[in-house]
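# Structure assessment
So the chains spell out like this:
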Amino acid sequence: MPRETAYLCLRSGSPTPLREVDRYASRRGLDLRDTALARRLVGTEVRRRGTLRAVLAAFVHSKPKADLATLLRLGIAQLLFLDRVPDHAAISETVRCVTDHLGLGKGRTANAVLRSVQRAVLPGASGDPTRDVIGRDLRFEFPVFRDAEEHPHLWAEDALSLPSALHKRWTQRVGREEANRLATLALEEPPLSLRIRSERPREEVRAALGAEGVASTNGRHPRFLLVAPEDASGALASPLFHHGELTVQGEHAFGAAQMLGEVDGLRVLDLCAAPGGKTAAVLESGPQSLVACDLSPHRLQRIRTGFQRLGLEIPALVAMDQARGLGSGARFDAVLVDAPCSNTGVLAQRPGAKWRHGPQGQRALVELQRGLLHSASEHVEPGGVLVHSTCSLESEENEQQVRRFLEEHAGWTLEEELRSAPAAFGAGGPADGGYAARLRAPLS
């Protein structure tokens, strides 16, 4: 049942199949354990899709149709990446699912392919990048991935499950080693990043979580804790989270909200507010008023729900496209534009984003951001602050976007920039990457 649920989520047509897991699991009556397995299956398939495609291609005579290919990738994912699933169960349950959905003949094909993969996987790394499974102490008995030296970007798509075009962009900007590091981080579920909202010392909060059976480690920021993925559900079920003493937020996201500076007594506009993490951080600083806008009324409702848990006064919520719903005379002392972006700084949290990345979509995002910045700037008081924020690592969404804004808006100045790249769990985070810039409006 969890394998069938994972298959249905992946074939649902949703661009974010991980978000479909709970809905499909509830519809099919899965318990918590089976729901967790379905979520792990979907997450692994999305994170490791490039590797799974390369392995599948090495073990079939002709490219299978989409339904069979999806189920075979799920089977291979269990063999390579899910330690708690025995090989015999991975094969037999996947074959049963194929047979139920696609017929006995396809079930026999699935059995043959998966058993061939099982026989070809050997323990221990070989040092050969065409054979070794990244992040696992496993190797294939023959080359499966493309050559890393001859075709580094194609190898990255195979072995690191990062689209070759994105790997090429990163390599040109930060070098191959850093590009590979970022791609490798996105292969695993990231730690849960928690911000401490109370004044209690961090070690005291850690101890309280530990008493609930949840181990945590310190983030780089003194008010942040990181929780391993396997303990995340325990942290979210803890009294500290339930009573709003902890909230889920990345260190970069919090830093971007702080770029507004001192907002005590000021009028603030949050133009792309949902789901509300940065909005909450701003509201905690005591602005005179805060207007939170988003295109989606449904996403704005998530702000309302989240603020009720945090015990925060719910701000004015406005559903609108950019700032078109504001009157021409509406002015604010500080405006935050947490712009829609490619999400390349949070691929571990949003793994599907890397498979949606492409030149056409990238250009559309850049133009959307440009429009948002221009629209927001028209509602900033003379001498006020405008913050442009993304969870992207791409320069055309970040530095280049800001430079173009300054060229097109006379008198505006750049005061500060924040750049973050995700780090490994053991390094203390941050778990999220991105960019933020604080811009100052002219006095007249």
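Residues numbered from 1 in each chain as written. Predicted model: local features only at pLDDT ≥ 70, side-chain atom pairs only at ≥ 80, totals over all residues. Heavy atoms only, no water.

To continue, consider the overall build of the protein. When helices and strands are tallied, the protein shows 19 helices and 13 strands. For the protein, the C-alpha radius of gyration of 23 Å lies close to 22 Å, the compact-globule estimate for 444 residues. Referenced to the eigenvectors of the C-alpha coordinate spread, the extents of the protein come out at roughly 75 × 50 × 40 Å. Here the protein holds 444 residues, and the buried ones make up 52% of them. For the protein, long-range pairs separated by at least 24 residues make up 66% of all intrachain contacts whose partners lie at least 6 apart in sequence. (Helix = DSSP H or I, 4+ residues; strand = E, 2+ residues; numbered from the N terminus. Rg over C-alpha atoms; globule rule 2.2 N^0.38 Å. Buried < 20%, exposed > 50% of the residue type's maximum accessible area, 1.4 Å probe, protein only. Contact = heavy atoms within 4.5 Å.)

Here we take up the sheet that holds strand β6 (residues 246–248). In space, the 4 strands of this open sheet follow the order β4-β5-β3-β6, with antiparallel pairing throughout. One side of each edge strand has no neighbouring strand; the edge strands of this open sheet are β4 (217–218) and β6. Where strand β3 (residues 192–196) meets strand β5 (residues 224–227), 4 bridges bridge the pair, whose relative direction is antiparallel. For Leu 194, the partnering residue across the bridge sits in β5 and is Leu 225. Together, β3, β4, β5 and β6 form the strand contacts of helix α11 (residues 202–211), whose direction differs from that of β5 by roughly 30°. (Pairing = 2+ DSSP bridges. Axes fitted to C-alpha atoms, helices over the stretch in contact; angles between N-to-C directions.)

Counting residues in hydrophobic clusters, the biggest one holds 62 residues, and the most contacted among them are Val 55, Ile 76, Leu 80, Val 117, Phe 140, Phe 145 and Trp 170. Here this core gets 10 residues from one element, more than from any other, and that element is helix α5 (residues 66–81). Setting aside residues no more than four positions away along its own chain, Val 55 makes contact with Ile 76, Leu 80, Val 117, Phe 140, Val 144 and Phe 145. Of all hydrophobic cores here, the second largest spans 26 residues; its members include Ala 257, Val 263, Leu 300 and Leu 312. (Core = buried A, V, L, I, M, F, W, Y, C linked by side-chain atoms within 4.5 Å.)

With that out of the way, let us pick up the packing of aromatic side chains. On inspection of all chains with the given rule, the structure shows 5 aromatic pairs. Note on Phe 59 and Phe 140: the rings are 6.2 Å apart at their centroids and 45° apart in plane angle, and the pair reads as tilted. Residue Phe 59 is located in the loop between α4 (49–58) and α5, and its partner Phe 140 is located in strand β2 (residues 138–140); the two are separated by 81 residues in the primary sequence. Judged on exposure class, the residue Phe 59 and its partner Phe 140 are both buried. Taking the centre distance of 5.7 Å and the plane angle of 55° together, the rings of Phe 224 and Phe 254 count as tilted. Of the two residues, Phe 224 is situated in strand β5 and Phe 254 in helix α14 (residues 251–258); the sequence distance between them amounts to 30 residues. You can call Phe 254 buried: its relative accessible area is 11%. Three or more aromatic residues link up through ring pairs in this structure, and these residues are Phe 59, Phe 140, Phe 142 and Phe 145. Above the ring of Trp 355, the side-chain terminus of Arg 53 is found at 5.4 Å from the ring centroid. Over the ring of Phe 241 we find Arg 309; its NZ or CZ atom is 3.8 Å from the centre of that ring. (Phe/Tyr/Trp six-rings, centres within 6.5 Å; stacked < 30°, edge-to-face > 60°. Lys NZ or Arg CZ within 6 Å of the ring centre and 35° of its normal.)

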